[in-house]
Amino acid sequence: MRITFENGSDYHISSITIMLEIKSYDGLTLYKKRHTVSVDLDPREILPCNEFFLKERLYSYATGYLFSDADEFMKNIDIQILSAK
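Computed from a predicted structure; not experimentally measured.

Caption draft 1: Examining the pattern of salt bridges more closely. A full pass over the atoms with the stated rule returns two salt bridges. The partner of Arg 44 in a salt bridge is Asp 10, with the nearest N and O atoms 2.9 Å apart. With Arg 44 in the loop between strand 3 (29–41) and strand 4 (46–48) and Asp 10 in the loop between strand 1 (4–6) and strand 2 (13–23), the pair connects residues that are 34 residues apart, well separated along the chain. Comparing Arg 44 with Asp 10, the two get one shared label, exposed.

Quick look at the structure:
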């Protein structure tokens, strides 16, 4: 997975810690994990982070399907930024 970040500060950022939550279409949480991603963001710069992988495969108990992080299924993603260094 790759996420694009914007550095709105006046400082260089080399890592960002996020809470990544992925929900099914019916609102059930399928995945909720903390990730720290590497970035090389100068002030006011917008760039994607280095690619990272989910810590486990996604499985919907309601439908019985396994999903990978590239599937169309994963349109409902919530990202909360916890820290930037």
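Now that the structure has been shown, the text picks up again.
Caption draft 2: Representation of the nonpolar core. With 17 residues, the main nonpolar core has Phe 5, Ile 16 and Phe 52 as its most contacted residues. Of all elements in the fold, only strand 2 and strand 3 reach the threshold of two or more residues within this core.

Caption draft 3: How the structure looks around a nonpolar patch on the surface. On the surface, Ile 77, Ile 79 and Ile 81 cluster together into a nonpolar patch covering about 230 Å² of accessible area. Residue class for Ile 81 comes out exposed when judged on its relative accessible area of 51%.

Caption draft 4: Representation of the environment of Gly 27. Along the polypeptide, Gly 27 turns up in the loop between strand 2 and strand 3. A relative accessible area of 40% means that Gly 27 is categorised as partly exposed. C-alpha of Gly 27 to C-alpha of Asn 76: the two residues are 49 residues apart in sequence and 8.6 Å apart in space.

Caption draft 5: Structural context of the side chain of Glu 21. Considering the arrangement of structural elements, one finds Glu 21 in strand 2. For the buried Glu 21, no salt bridge is present, and the opposite-charge side chain at shortest range is Lys 23, 4.1 Å distant. Within the local environment of Glu 21, its side chain forms a polar contact with the side chain of Thr 29, the two groups lying 2.7 Å apart. Once residues within four sequence positions are removed from consideration, Glu 21 is found in contact with Thr 29, Tyr 31, Lys 32, Asn 76, Ile 77 and Asp 78.

Each value, and the rule that gives it
- Residue numbers run consecutively from 1 along every chain, following the written order of its sequence.
- Where local features are concerned, this predicted model is filtered to residues with pLDDT of at least 70; where side-chain atom pairs are given and counted, the filter is 80 or more; whole-chain, interface and lining totals use all residues.
- Heavy atoms throughout the structure, all of them, feed into the side-chain values; hydrogens and water do not.
- By salt bridge we mean one thing: a side-chain nitrogen of Lys or Arg within 4 Å of a carboxyl oxygen of Asp or Glu.
- Here a helix means four or more residues in a row that DSSP labels H or I, a strand means two or more in a row labelled E, and each is numbered from the N terminus.
- With a 1.4 Å probe rolled over the protein chains alone, any residue whose accessible area is under 20% of its type maximum counts as buried; one over 50% counts as exposed, and the rest are partly exposed.
- As used here, the term nonpolar core means buried Ala, Val, Leu, Ile, Met, Phe, Trp, Tyr and Cys residues forming a set that is joined through side-chain atoms within 4.5 Å.
- Each patch is assembled from residues with relative accessible area greater than 30% and no salt bridge, linking like charges that lie within 9 Å and nonpolar side chains (Val, Leu, Ile, Met, Phe, Trp, Tyr) that lie within 5 Å.
- Only the protein chains shown count as cover for residues, and the accessible areas themselves come from Shrake-Rupley with a 1.4 Å probe.
- Charged-residue counts in this description rest on Lys and Arg as positive and Asp and Glu as negative, His and the chain ends being excluded.
- Counting of polar contacts relies on pairs of N or O atoms within 3.5 Å, with two restrictions inside protein: one atom must be capable of donating a hydrogen and the other of accepting it, and residues adjacent in sequence are counted only when both atoms are side-chain atoms.
- Two residues form a contact once any of their heavy atoms are found within 4.5 Å.

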